[in-house]
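Spelled out from the first residue to the last, the chains are:
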Amino acid sequence: MTDRYAVIGNPVAHSQSPFIHSEFALACKQEILYERLFADLGQFNQVVAEFVAAGAKGLNITLPFKSDAFRFADEVTERARAAEAVNTLTFRDGKVYGDNTDGVGLVRDIVENLDYPVTDRRVLILGAGGAVRGVLEPLLREKPATLTIVNRTLVRAEALVNHFAPWGQLEAIAYEQLQGRSFDIIINATSSSLHKELPPIPHGLFSARTLAYDMVYSSGLTPFLQRAQAEHAGMLADGLGMLVEQAAESFAIWRGVQPDTRKVTNMLREILA
Ligand code: NAP
């Protein structure tokens, strides 16, 4: 019987995961079936249990169920434990294993695809939501010179700093405190780009040394990347590479083969254009 996988979310119709995993499977000569699973709020455990009973081998988890998946797992990896969120479940020998591949996806996109080291660099992250929680442990693992979180609601950033203190040094600041500071890597992990808004960053934040990275991907430049371009940032990138890299890590966990990501990223770029 063909091994079954799926992405579960609410909503889930927009997810590119079935396309990405089907392309990985083709390229790696793996026979899998990858579907979309919709779950009503509060129905996560039931929908997953039915999928497992039907013989499923694994599941990707998207909004808003990453915390439910964390609680559903019998065992989790260190990075999932740090994030308290799971985006990859594996069902094996009657047990449920949880992992979080979002952070490694971001780090691989920056370090390998964009060829921009995180180690010894000053990193700024805008936002303090679920996306940030998922990437902090893998970012800290790279040993940046500094890691700063800025958020409109400062207490959320401070809570993340307290939570992640065992994994490394980081600081929380308010947007007003960005004035006069400079960074090598600036990651927009807010949802502002989805609403075509710009986070309240001061002018002059970017320089020719800066990598400006927006976790949101879109056909044109987001307001954040437009500002970075206007201030002559050294490099601009959106989150499409991260999306494909986190999927590749899930695929490798399930199938034991690391798929090539470049071709799939290019294909998606054309589809989304
Ligand atoms: P979330 O939990 O809802 O958090 C949203 C964050 O954005 C909060 O920190 C919020 O600040 C901030 N924010 C929203 N609008 C803002 C604005 N106009 N100015 C400044 N800050 C603003 O969302 P999330 O799950 O962390 O996701 C964040 C983004 O990352 C989403 O757009 C998602 O699409 C993207 N993402 C991409 C990938 C990928 O693979 N490329 C993976 C995961 C997430 P307050 O706390 O002050 O409200």
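Rules behind the numbers
- Residues numbered from 1 in each chain as written.
- Predicted model: local features only at pLDDT ≥ 70, side-chain atom pairs only at ≥ 80, totals over all residues.
- Heavy atoms only, no water.
- Salt bridge = Lys/Arg side-chain N within 4 Å of Asp/Glu carboxyl O.
- Helix = DSSP H or I, 4+ residues; strand = E, 2+ residues; numbered from the N terminus.
- Buried < 20%, exposed > 50% of the residue type's maximum accessible area, 1.4 Å probe, protein only.
- Contact = heavy atoms within 4.5 Å.
- Domains from an automatic or database assignment.
- Buried area = accessible area lost by both parts, 1.4 Å probe.
- Polar contact = N/O pair within 3.5 Å; in protein donor to acceptor, adjacent residues only side chain to side chain.
- Nonpolar A, V, L, I, M, F, W, Y, C, P; charged D, E, K, R; others polar.
- Pairing = 2+ DSSP bridges.
- Axes fitted to C-alpha atoms, helices over the stretch in contact; angles between N-to-C directions.
- Near = heavy atom within 4 Å.
- Areas by Shrake-Rupley, 256 points an atom, 1.4 Å probe, with all protein chains shown as cover.

As a further point, take the pattern of salt bridges. Scanning the entire structure with this criterion turns up 15 salt bridges. A salt bridge links lysine 66 to aspartate 102, with the nearest nitrogen and oxygen atoms 2.8 Å apart. Of the two residues, lysine 66 is situated in helix H3 (residues 66-72) and aspartate 102 in helix H5 (residues 102-113); the sequence distance between them amounts to 36 residues. Judged by relative accessible area, which is 11%, aspartate 102 ranks as buried. A salt bridge links arginine 81 to glutamate 78; the shortest N-O distance between them is 3.3 Å. Of the two residues, arginine 81 and glutamate 78 are both situated in helix H4 (residues 78-83); the distance of three residues between them amounts to about one turn of the helix. The class for arginine 81 is partly exposed, based on a relative accessible area of 43%. Among the ionic contacts, a cluster of salt bridges with common partners joins Arg79, Asp99, Arg108 and Glu249.

Relative to the elements of secondary structure, valine 264 occurs in helix H10 (residues 262-272). C-alpha separation for the pair valine 264 and phenylalanine 19, spaced 245 residues apart in sequence, amounts to 8.9 Å. Sequence-distant contacts of valine 264, defined by excluding residues within four places in its chain, comprise Phe19, Ile20, Glu23, Phe24 and Val244.

A few words on the domain arrangement of the protein chain. One can read the domain layout of the protein chain as domain 1 (3-100 + 241-272) and domain 2 (103-238). For domain 1 and domain 2, the distance between their C-alpha centres works out to 25 Å. Contacts between the two partners involve 17 residues from domain 1 and, on the opposite side, 22 residues from domain 2. Roughly 1,700 Å² is buried in total at the junction of domain 1 and domain 2, and carbon and sulfur atoms are behind 53% of that figure. Sorting the residues of domain 1 by area buried against domain 2 places Ala82, Met242 and Glu245 first, and these three jointly supply 33% of that buried surface. There are three salt bridges connecting domain 1 and domain 2. Between glutamate 249 and arginine 108 there is a salt bridge, with the nearest N and O atoms lying 2.8 Å from each other. Run the count over domain 1 and domain 2 and you get nine residue pairs in polar contact (both at pLDDT 80 or more). Ranked by residues supplied to the side of domain 1 that touches domain 2, first place goes to helix H9 (residues 240-255) with six residues. For the side of domain 1 that touches domain 2, a count of residues per class yields five nonpolar, four polar and eight charged.

Turning to the sheet that holds strand S8 (residues 146-150), a few remarks are in order. Pairing is parallel in the open sheet, where six strands are placed in the order S9-S8-S7-S10-S11-S12. Unpaired on one side and paired on the other, strand S9 (171-173) and strand S12 (235-238) mark the two borders of the sheet. Averaged over neighbouring strand pairs, the angle between their axes works out to 20° when direction is ignored. Examined bridge by bridge, strand S7 (residues 122-126) and strand S10 (residues 185-188) share four bridges and lie parallel to one another.

So, about the site of the ligand. Close to the ligand lie 23 residues, the nearest being Ala131, Asn151, Thr153, Arg156 and Glu197. At a separation of 2.9 Å, an oxygen atom of the ligand approaches a polar backbone atom of alanine 128. Methionine 215 has a polar backbone atom sitting 2.9 Å from a nitrogen atom of the ligand. Within the complex, the protein chains bury 80% of what would otherwise be the 940 Å² of accessible surface of the ligand. Breaking the shell around the ligand down by element, the ones donating at least two residues are helix H6 (130-141) and H9. By residue class, the composition of the shell around the ligand is 11 nonpolar, nine polar and three charged.

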